[in-house]
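The primary structure of each chain is shown beneath.
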There are 2 protein chains.
Amino acid sequence: MNKPLIFITNDDGIRAKGIGQLIEMLRPLGDLLVIAPDGPRSGNSNALSMENPVVYTLQRQEPGLTIYSCSGTPTDCAKLAFYIGDHHPDFFFSGINHGPNTAINVIYSGTMGAVFEGCVRRVPSVGFSLCDHHADADFSACLPLFEQIARKVMAEGLPQGVCLNVNAPRGALNGVRICRQADGYWDEEFAFGVSPMGKHYGWTTGYFVCREPSAPDTDISAIGSGFVSVVPTRVDMTAHDTLSTLADYEAIR
Amino acid sequence: MNKPLIFITNDDGIRAKGIGQLIEMLRPLGDLLVIAPDGPRSGNSNALSMENPVVYTLQRQEPGLTIYSCSGTPTDCAKLAFYIGDHHPDFFFSGINHGPNTAINVIYSGTMGAVFEGCVRRVPSVGFSLCDHHADADFSACLPLFEQIARKVMAEGLPQGVCLNVNAPRGALNGVRICRQADGYWDEEFAFGVSPMGKHYGWTTGYFVCREPSAPDTDISAIGSGFVSVVPTRVDMTAHDTLSTLADYEAIR
């Protein structure tokens, strides 16, 4: 039987420690196709390159492992995965991200942007993140649990249209929690200044505000209690429960 | 009583016809704060600038209308709206986009990326799109219906955590439909080539494949029948219906 083809990408770039750890973790589980950005693309969300071509360059090819770097976004990398290889990938894994993709971060995350591409194409897809932004973050505690999650997804698949957003806190772990995305937002999001040429600018910063810090069933709560959070996630953003509430818009002519 | 403060942005850039039409449409309804990208940002999704500062430049200031251009993404523009003015905007309107943001396009759309920023901050927010990519697209048929939608949102607000993704087909319109995001994906997404310097590249192209062309309750169906589609949309991407299905992940230690 052929080994499964596993696609790997991230948003911290091909040289980040996290993607190296993910490649090592998944190497025994299949043939790996890695297409990752040539530099940092954090906060790239589901952005795709429309104004410029996406350049991809073979970096390494050996039995079971092919690595490309790419000038584009994580979404560009993920889309390329369906056209560069001999056949479509069987599984998509993205990360391991340096920093959390919990709560509202899911919509800004390039790591999860790539995961959504797999999900949209009905490929079982998982994003892994560690809540530690440091370039030399220690992945040793989360790797055994991430590997079990990956093996389970590869053995069982996922519900149709669903991908996983997996986050681990730093340090020792108490286990895994299936949970929902917490409600919150970022505040004080810019450091403002004036450039030497007199241009006004803001530079991204800020802090996350959780609107429901005591809710026990959120990813923020799981992380706070030392658990790996697993949020089943869909690209259908429809607020289905409000379809009938808003029916009177249909009176507009 | 003070006029409401209405924030306006788009992803086609400050010089696009669509945002000019939106400004004209909303001018009688409040004081307008426009912060829009200084060039095209289609496909920018919820991307935010992290590697570079976001430069914003006052272009025009007169009673009831302030316009800035911005070096960043639509999301950057939308985030700036909470810090540049005297107070938070009361309403967010984005567009009018040149081209559809129906179905899966909602996750790639810079127009909707900006709308989500308002939604996350509990500001009633709407993205308007016309299914016509031409720079000189004719907005005359959709404007009266878009204006009525804007007035209704401003009068009644929206359900908590919900924003609207509004799309109009080209030509004469039959009315408005409240609907859900259709299931589909893009295929044949790259024109591949080799640059003069020998670099392999792919340039974004492709076509949308709807997985449920005969479902009557989707945005794709509404557009196909000559209706304006209104999809109530949430930033909570949790697949709530699968939380119990996946509970056995909690056995992982």
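Residues numbered from 1 in each chain as written. Chains lettered and ligands numbered in written order. Predicted model: local features only at pLDDT ≥ 70, side-chain atom pairs only at ≥ 80, totals over all residues. Heavy atoms only, no water.

**Points about the overall build of chain A**
Piece 1. Scanning chain A for helices and strands turns up six helices and 13 strands.
Piece 2. The C-alpha radius of gyration computed for chain A amounts to 19 Å, which stays within 12% of the reference 18 Å derived for 253 residues, consistent with globular compactness.
Piece 3. When its C-alpha atoms are laid out on the principal axes, chain A stretches across 55 × 50 × 50 Å.
Piece 4. Taken over 253 residues, chain A has a buried fraction of 61%.
Piece 5. Carbon together with sulfur atoms contributes 51% to the accessible area of chain A, which is approximately 9,800 Å² in total. (Helix = DSSP H or I, 4+ residues; strand = E, 2+ residues; numbered from the N terminus. Rg over C-alpha atoms; globule rule 2.2 N^0.38 Å. Buried < 20%, exposed > 50% of the residue type's maximum accessible area, 1.4 Å probe, protein only. Areas by Shrake-Rupley, 256 points an atom, 1.4 Å probe, with all protein chains shown as cover.)

**Quick word on unusual backbone geometry**
Glycine aside, a negative phi is what most residues show, and trans is what most peptide bonds show.
Piece 1. That bond from Gly95(A) to Ile96(A) is cis: its omega, -15°, falls within 30 degrees of zero.
Piece 2. Within the fold, Ile96(A) resides in strand β5 (residues 91-98).
Piece 3. A positive phi angle, near 50°, is found at Glu188(B), a position not held by glycine.
Piece 4. With respect to the helices and strands, the residue Glu188(B) is situated in the loop between β9 (184-187) and β10 (190-194).
Piece 5. We classify Glu188(B) as partly exposed; its relative accessible area is 46%.

**Quick notes on the interface of chain A and chain B**
Piece 1. Residue-level contacts link 85 residues of chain A with 85 residues of chain B.
Piece 2. Across the chain A to chain B interface the summed buried area is about 7,900 Å²; carbon plus sulfur atoms make up 61%.
Piece 3. Inspection of the region where chain A meets chain B yields 14 salt bridges.
Piece 4. Between Asp248(A) and Lys152(B) there is a salt bridge whose closest N-O contact spans 3.1 Å.
Piece 5. Linking chain A with chain B are 55 residue pairs in polar contact (both at pLDDT 80 or more), by the criterion used here.
Piece 6. Broken down by element, the residue count for the side of chain A that touches chain B peaks at six residues, all from helix α5 (residues 143-156) of chain A.
Piece 7. Here the residues of the side of chain A that touches chain B are counted per class, giving 42 nonpolar, 21 polar and 22 charged. (Contact = heavy atoms within 4.5 Å. Buried area = accessible area lost by both parts, 1.4 Å probe. Salt bridge = Lys/Arg side-chain N within 4 Å of Asp/Glu carboxyl O. Polar contact = N/O pair within 3.5 Å; in protein donor to acceptor, adjacent residues only side chain to side chain. Nonpolar A, V, L, I, M, F, W, Y, C, P; charged D, E, K, R; others polar.)

**Looking at the packing of aromatic side chains**
Piece 1. Within this structure, the stated rule accounts for 20 aromatic pairs over all chains.
Piece 2. Note on Tyr83(A) and Phe192(B): the rings are 6.5 Å apart at their centroids and 55° apart in plane angle, and the pair reads as tilted. Taken together, the residues Tyr83(A) in helix α2 (residues 74-84) and Phe192(B) in strand β10 connect one chain to another.
Piece 3. Taking relative accessible area as the criterion, Phe192(B) reaches 40% and is therefore assigned partly exposed.
Piece 4. In this arrangement the basic side chain of Lys152(A) is found over the ring face of Tyr249(B), its NZ or CZ atom lying 4.9 Å from the centre.
Piece 5. The cationic tip of Arg177(A) hangs over the ring face of Phe227(A); the distance from NZ or CZ to the ring centre is 4.1 Å. (Phe/Tyr/Trp six-rings, centres within 6.5 Å; stacked < 30°, edge-to-face > 60°. Lys NZ or Arg CZ within 6 Å of the ring centre and 35° of its normal.)

**Comments concerning the sheet that holds strand β6 (residues 125-130) of chain B**
Piece 1. Read from one edge to the other, the open sheet built from 11 strands follows the order β10(A)-β11(A)-β3(B)-β4(B)-β2(B)-β1(B)-β5(B)-β6(B)-β7(B)-β13(B)-β8(B), with strand pairing classed as mixed. On the outer flanks of this sheet lie β10 (190-194) of chain A together with β8 (175-178) of chain B, each paired with one strand and no other. With strand direction ignored, the average angle separating the axes of adjacent strands in the sheet is 25°.
Piece 2. Across six bridges, strand β2 (residues 31-37) of chain B lies against strand β4 (residues 65-70) of chain B in parallel orientation. When the bridges of β4(B) are listed, Ile35(B) appears paired with Tyr68(B).
Piece 3. Taken strand by strand, helix α5 (residues 143-156) of chain B contacts β1 (5-9), β5 (91-98), β6, β7 (162-168), β8 and β13 (227-234) of chain B, and its axis lies near 165° from that of β5(B). (Pairing = 2+ DSSP bridges. Axes fitted to C-alpha atoms, helices over the stretch in contact; angles between N-to-C directions.)

**A short note on the environment of Gly206(B)**
Residue and element names in this part refer to chain B.
Piece 1. Mapped onto the elements, Gly206 comes out in the loop between β11 (200-204) and β12 (207-210).
Piece 2. Accessibility expressed as a relative area gives 28% for Gly206, which makes it partly exposed.
Piece 3. Placed 138 residues apart in sequence, Gly206 and Tyr68 show a C-alpha to C-alpha distance of 33 Å.
Piece 4. Beyond its immediate sequence surroundings of up to four residues, Gly206 is in contact with Trp186, Asp187, Glu188 and Glu189.

Purely spatial values, then, with no claim about function.
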